Amino acid sequence: MSLKYTNNSNSSSNNNNRNITNSNSHHSLKCTDLAQFDALLRAADSFRTDDKLHLRNLLQDSARCASLIASKHGVYHIRHDSIENNVIENDTDTLAEQDIDSQSHHHDNTYLPRHSNHHSAAAHSATSRTILLDYSRQCLTGETMELLFDLADAMRLTDRREALKWGLCINETENRPVLHHLFRLPHDYSMENDHHYYHFHQDCSSKNDDVDLAQVTQSVRAVRQQVKQFCRSVRSGVYKSITNKPFCNIIVIGIGNHTLGPDMVSSVLEHDEHASRASFGRRLRFLSNLDPTDLHACTHDLNPAETLVIVSCKHFVEAECMVNVRAMRSWLVRHLGGNEHDEKQIVARHMVAISSNVTRCVQFGIAKHHVFQLPEWIVGRFSLCSAVGLLPLSLHYSSNIMEQFLDGCHDMDEHYFHAPLRDNLPILLALLGIWNSTFLGHSCSAILPYSDSLRQFPAHVQQVDMESNGKRVALDGTPLLHRSAVVTFGDVGSNCQNTFFQLLHQGRVVPSDFIGFMQSQQQSLDAVNEPVSNHDELMSYFFSQPDALAYGKTLVDLVQEGAPEPLREHMVFPGNRPSSCVLMTKLDAFALGQLVTLYEHRTVTQGFIWGINSFDQFGLDLGRTLAKSVRAQLGASRRTGASVQGFNYSTSFLLEHYLANGKTEQQHSNNDQTY
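Bear in mind the structure is a predicted one, so any value in this text is a computation, not a measurement.

1. Thoughts on helix H16 (residues 425-439)
Stage number 1. A rise of 1.5 Å per residue sets the reference length of H16, with its 15 residues, at 21 Å; its end C-alpha atoms lie 21 Å apart and thus fit the reference within 8%.
Stage number 2. Buried residues dominate H16, accounting for 14 of its 15 residues.
Stage number 3. Note on H16: the residue one or two positions beyond its end, glycine 441, has a positive phi of about 80°.

2. Some details on the confidence of the model for the protein chain
Stage number 1. Mean pLDDT over the protein chain stands at 88; residues scoring 70 or higher make up 84%.
Stage number 2. Below pLDDT 50 for its whole length, residues 87-122 participates in 109 contacts with residues either more than four positions away or in separate chains.
Stage number 3. Low pLDDT, under 50, characterises residues 198-210; the stretch is placed with 43 contacts to residues that sit more than four places away or in other chains.

3. Focus on the nonpolar core
Stage number 1. Ranked by size, the top nonpolar core spans 121 residues in total, and within it Met145, Leu391, Phe405, Trp435, Phe457 and Tyr599 carry the most contacts.
Stage number 2. A total of 11 residues in this core trace back to one element, the largest contributor, which is helix H21 (residues 589-610).
Stage number 3. Contact partners of leucine 391, with chain neighbours within four places excluded, come to Val227, Phe230, Cys231, Ile310, Val352, Ile354 and Phe372.
Stage number 4. With 30 residues, the next largest nonpolar core counts Cys298, Val309, Ala327 and Ala353 among its residues.

4. Quick look at the packing of aromatic side chains
Stage number 1. According to the stated counting rule, one finds 20 aromatic pairs in the structure shown.
Stage number 2. Judged by centre distance (5.8 Å) and plane angle (80°), the rings of phenylalanine 47 and tryptophan 435 are edge-to-face. Placement of phenylalanine 47 in helix H2 (residues 35-49) and of tryptophan 435 in helix H16 is noted, with a sequence separation of 388 residues between them. Judged on exposure class, the residue phenylalanine 47 and its partner tryptophan 435 are both buried.
Stage number 3. An angle of 45° between the planes, with centres 5.9 Å apart, marks the rings of phenylalanine 500 and phenylalanine 501 as tilted.
Stage number 4. We classify phenylalanine 500 as buried; its relative accessible area is 17%.
Stage number 5. Given a relative accessible area of 2%, phenylalanine 501 falls into the buried group.
Stage number 6. Just above the ring of tyrosine 239 sits the side chain of arginine 349; from NZ or CZ to the centre is 3.9 Å.
Stage number 7. Positioned above the aromatic ring of phenylalanine 149 is the side chain of arginine 422, whose terminal nitrogen or guanidinium carbon lies 4.3 Å from the ring centre.

5. Examining the pattern of salt bridges
Opposite charge on two side chains makes pairing possible when the charged atoms of those side chains draw close.
Stage number 1. Taken as a whole and assessed by the stated rule, the structure comprises 23 salt bridges.
Stage number 2. Where aspartate 476 meets lysine 30, a salt bridge forms, and the shortest distance between an N and an O atom there is 3.0 Å. One end of the pair, aspartate 476, is in the loop between helix H17 (457-469) and strand S15 (487-490); the other, lysine 30, is in the loop between helix H1 (25-28) and H2, with 446 residues separating them in the sequence.
Stage number 3. Since its relative accessible area comes to 34%, aspartate 476 is described here as partly exposed.
Stage number 4. Put simply, aspartate 134 and arginine 137 hold a salt bridge, and the shortest N to O gap is 3.1 Å. Comparing aspartate 134 with arginine 137, the two get one shared label, buried.
Stage number 5. Salt bridges sharing common partners tie together Asp134, Arg137 and Asp547.

Thresholds, definitions, all that
Residues numbered from 1 in each chain as written. Predicted model: local features only at pLDDT ≥ 70, side-chain atom pairs only at ≥ 80, totals over all residues. Heavy atoms only, no water. Helix = DSSP H or I, 4+ residues; strand = E, 2+ residues; numbered from the N terminus. Expected span 1.5 Å × (residues − 1). Buried < 20%, exposed > 50% of the residue type's maximum accessible area, 1.4 Å probe, protein only. pLDDT = per-residue confidence, 0-100. Contact = heavy atoms within 4.5 Å. Core = buried A, V, L, I, M, F, W, Y, C linked by side-chain atoms within 4.5 Å. Phe/Tyr/Trp six-rings, centres within 6.5 Å; stacked < 30°, edge-to-face > 60°. Lys NZ or Arg CZ within 6 Å of the ring centre and 35° of its normal. Salt bridge = Lys/Arg side-chain N within 4 Å of Asp/Glu carboxyl O.

Below you can see the structure in the form of structure tokens.
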């Protein structure tokens, strides 16, 4: 396989003024074979054995701490006109005019806003945003970071990053490029005018076809425009239900990140002032679980005559998704069918699809012009900025709000692709994760956002990270000789402090990311005789918990405090628990886009350095395959009383008990009028 692209510009950028070829040499490149890897192993041994490298000592070095803080600053022009109007959408193509000057990338991560000719100055409000990354409480020094950067260089990180940006076939097991960042390009962003523009040649399928990124971008933008026009039609009341009622309820059916990601975004936007106004009187729900309880929860209080169903299913064949799709069709037909309307009419009016398989969608009864096409190369967990997230969230919160989100994503894309490695926030987070997992041997990590709106963000990061990098083999198929992805979990502060922080402080070591905001989404209520506001009280824990994890409390401390002798050992905190702090200005659609993309690029970068494919997911297949035989057995046993056969003893034992105690299940479902 020969994959290459050539530079058509005269740019003198450090890493781009050359031809780059993705060849089998990347397959054979293993981080464990490198001298830099061995040097990091030796460094990790020092941190395990040398008490001088305990965090309580390292944090006394102000110069070290200052060198382990990175920041990103920007001034953004954000447009808020008419977004609170829940009926008639504004015609503007974009909401946020961003900070990226494509001809100038500042090393201090400060970007100047672009000015748009078609927006009046009065329509914009300039806002300054900051992202601070403080990783001084990680068990490392500046020398350690240099070793990590050396490893990244040896693994050709910058080349791999460029291959991602310009669409080389880096998803090599599936012979596909990875281009999810194209979904968030501003409408006026020209690939040809980008001074790093490449026309690349792709030979993923042994075909000598030239693929122009501009053409790919054009098709992506066409779907975005299709989404925008449909949302305008629905939100304005032009497109109505089969009973001529406006659609005010949206149900999204999908699995994985087809529901998890959009649901996470919605949980943040519902507390945003502008987004909540734009969604007033509307309901958005996500149906992902096969449990009938989930279906009931989504439908029990909705009027089918006011409900639009979005089927978000890439190939429109996935059993986990299609069972719920057929159930929702039955629900709509049962309530809306009759002499006036047949099933075909109801499905065509009340159901739309997001899929790469237009033919199957149309065969199901969905109108062809209501299929929002996904490109075959899109990876589900990186599809949030495609129609997967854009369609339901624009219908509920408006296209303008979602433009803000996409602009935040694009802002972090530009930072990732252009900022120097040592100032690059996603790359820094990636290197810290590699250090903690591969070299210090920690098997878990925690995502701890101190904002209740981000309650689903840890689960989103969990899927992106564990599905991408939970691999056992390298790119060439040989077993990995090192630790890679970790078990990711988390919860919002301050809730998490009363659930699993006992383990974090005195149990196993779990490197943690604390995420906080300088401003709250909601104004704190004035409380009598309270020394600080609710938000300040919350943030006091954001600042104190990382120090508590780092410093701990020694037996000497307890003796000096006069702690009861029988309890002293129980009250010792070992400390030396690594953490990073991400502090942002405020949480809104734009900042959420930045945060989502920050962790996406962190995950991808780790895969590049580990030498694995972060874009396939063969680990999902085996359980689904085995489920087919179980499904067939359950069906035969329910219909004809067939005995359980063809399974091992344990599975047969469980199936027999399940069937024996569930003989009335079929009767219940046949008599159930809800679905």
